[in-house]
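Tertiary structure, described
Single-letter residue listing:
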Amino acid sequence: MRYVMVQIPKSPTPALPAQRSVPTSADVARLAGVSRATVSYVLNNTSAVRISEPTRRRVHQAAKELGYVPHAAARSLRAGHSRMVLMPAPAVQAGPLYSQFLNDLQWALGRLDYTVVQYGSVGLHGDEAARAWAELRPVAVLVPGADLGPEGVAVLKRSGARAVVTLGSESVEGAHALLMDHEGAGRAAGAHLYARGRRRIGVVVPEEPGLDSFSRPRLAGVRDALAGTDAVVTELPLAYEEESAVRLAARWRELGLDAVFTYNDEYGMLLMRALQDEGVRVPAETAVIGADDLMLGRLLRPRLSTVHIELPSGRDLAELVDRAVRDPGAAPETHRVLGSSVVHRESS
């Protein structure tokens with residue numbers, strides 16, 4: 001049997017598009033006509049070295065043309081720490097007031113050359129969550145709520161975190177603390193309602209999980225304000241849904257209440273609407289006061305009385321973080337924040 005060898009020509013391999021090399025600080029330096037050290041000083045906002053404004057502009061323009069951005073990991077290795085400030089996302093939905101505070105804080109930390117990263121640690125709590133945060137090697141951690149213990153603080157510090165700051169009602173050993181005085185908000189609301197002649201006062205306690213650390217101190221503040229008076233305080237569990245508010249409003253008159261502190265403005269709007277639908281006149285039969293001083297409360301009819309809450313300044317907190325990063329051995333600072341003042345409107 002005869003065999004014939006046939007050579008099949010190879011099809012040319014399609015050319016792959018040439019990969020563009022990643023621009024480096026040396027490329028920026030060549031284009032800007034400066035040294036690599038100058039590029040580093042300019043792009044890292046180093047204040048210890050004076051760089052003229054025209055030189056800064058040339059470096060920034062060259063970096064923009066080349067698409068160059070500093071390598072965060074390399075910068076961290078040189079500095080011995082990152083510039084990342086980790087902020088675990090709160091376990092409950094953040095309202096408008098907290099969102100504005102977070103925006104202010106991010107802006108203030110950005111001015112100090114830090115980057116705020118929010119971390120969603122769903123299902124992780126306490127020291128277990130701290131170990132997950134530590135894996136990212138942040139230079140600082142800002143922890144909302146009261147879920148972190150001394151061991152978690154120690155884990156974070158051993159991983160290189162120079163500052164751990166808690167925002168809650170109690171301080172944690174080893175951490176800087178911003179103590180949030182939620183009782184003060186309750187005291188302000190309770191005192192206001194009593195001064196308006198109300199004696200049978202309900203206090204909304206949200207049923208949503210995770211809000212106890214805010215709602216319980218506010219309830220305690222109302223009780224404290226009315227202690228020793230002839231007023232009676234009634235706890236009112238309420239879920240943030242229309243059906244729950246409708247059920248509460250349906251039995252309002254049998255409860256015999258003439259006022260209610262609704263925990264915050266959002267629950268206030270929810271309950272006030274249900275009371276009005278039930279025919280309960282606000283404020284003639286029941287005075288209503290919320291908290292947070294949201295714009296929407298001013299658009300209701302009657303306008304919603306509220307407790308204006310003064311959150312800590314984003315700039316002040318950013319400066320606290322920066323001080324702690326620069327001097328990690330300093331004693332932890334404790335600051336009491338969250339000033340409260342009543343804004344009286346038609347609903348009370």
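Structure's up top.
This section reports on the structure supplied with the text. Just so it is clear, the model here is predicted, and its values are computed rather than measured.

Below, the discussion takes up the overall build of the chain. Each helix and strand counted, the chain has 14 helices and 12 strands in total. Split into buried and exposed, the 348 residues of the chain put 43% on the buried side. Taking the intrachain contacts of the chain between residues at least 6 apart in sequence as the baseline, contacts between residues at least 24 apart amount to 70%. Surface accessibility of the chain: about 19200 Å² in total, with carbon and sulfur atoms responsible for 52%.

Now for the nonpolar core. With 45 residues, the main nonpolar core has Leu142 and Leu317 as its most contacted residues. In this structure, Val204, Ala245, Val260 and Val280 belong to the second largest nonpolar core, which totals 23 residues.

Where like charges cluster on the molecular surface, the negative patch consists of Glu207, Glu241, Glu242 and Glu243. Relative to the helices and strands, glutamate 243 is located in helix α10 (residues 242-250).

A side chain with one charge may pair with a side chain of the opposite charge, provided their charged atoms come close. With the rule as written, the count across this model stands at 16 salt bridges. Here arginine 253 ties to glutamate 285 by a salt bridge, and the two come within 3.2 Å at their closest N and O atoms. Of this pair, arginine 253 sits in helix α11 (residues 252-255) while glutamate 285 sits in the loop between α12 (265-277) and β9 (287-291); the two residues are 32 residues apart in sequence, bridging distant segments of the chain. Residue classification places glutamate 285 among the partly exposed positions, given a relative accessible area of 23%. Glutamate 346 serves as the salt-bridge partner of arginine 303, at 3.0 Å between the closest nitrogen and oxygen.

A word on the sheet that holds strand β8 (residues 259-261). Across the sheet, which stays open at both edges, the 6 strands sit in the order β7-β6-β8-β9-β10-β12 with mixed pairing between neighbours. Of all the strands in the sheet, just β7 (232-238) and β12 (339-343) have a single pairing partner and so form its edges. Strand-to-strand twist across the sheet, computed as the mean angle between neighbouring axes with direction ignored, equals 20°. In this structure, strand β6 (residues 200-206) lies alongside β8, joined through 3 bridges in parallel fashion. Residue pairing for β8: glycine 202 is matched across the bridge by valine 260. The sheet strands contacting α12 are β6, β7, β8, β9 and β10 (305-310), and the helix crosses β9 at an angle near 155°.

Analysis parameters
Residues numbered from 1 in each chain as written. Predicted model: local features only at pLDDT ≥ 70, side-chain atom pairs only at ≥ 80, totals over all residues. Heavy atoms only, no water. Helix = DSSP H or I, 4+ residues; strand = E, 2+ residues; numbered from the N terminus. Buried < 20%, exposed > 50% of the residue type's maximum accessible area, 1.4 Å probe, protein only. Contact = heavy atoms within 4.5 Å. Areas by Shrake-Rupley, 256 points an atom, 1.4 Å probe, with all protein chains shown as cover. Core = buried A, V, L, I, M, F, W, Y, C linked by side-chain atoms within 4.5 Å. Patch = residues over 30% accessible without salt bridge, like charges linked within 9 Å, V, L, I, M, F, W, Y side chains within 5 Å. Salt bridge = Lys/Arg side-chain N within 4 Å of Asp/Glu carboxyl O. Lys, Arg positive; Asp, Glu negative; His and termini not counted. Charge placed at Lys NZ, Arg CZ, Asp CG, Glu CD. Pairing = 2+ DSSP bridges. Axes fitted to C-alpha atoms, helices over the stretch in contact; angles between N-to-C directions.

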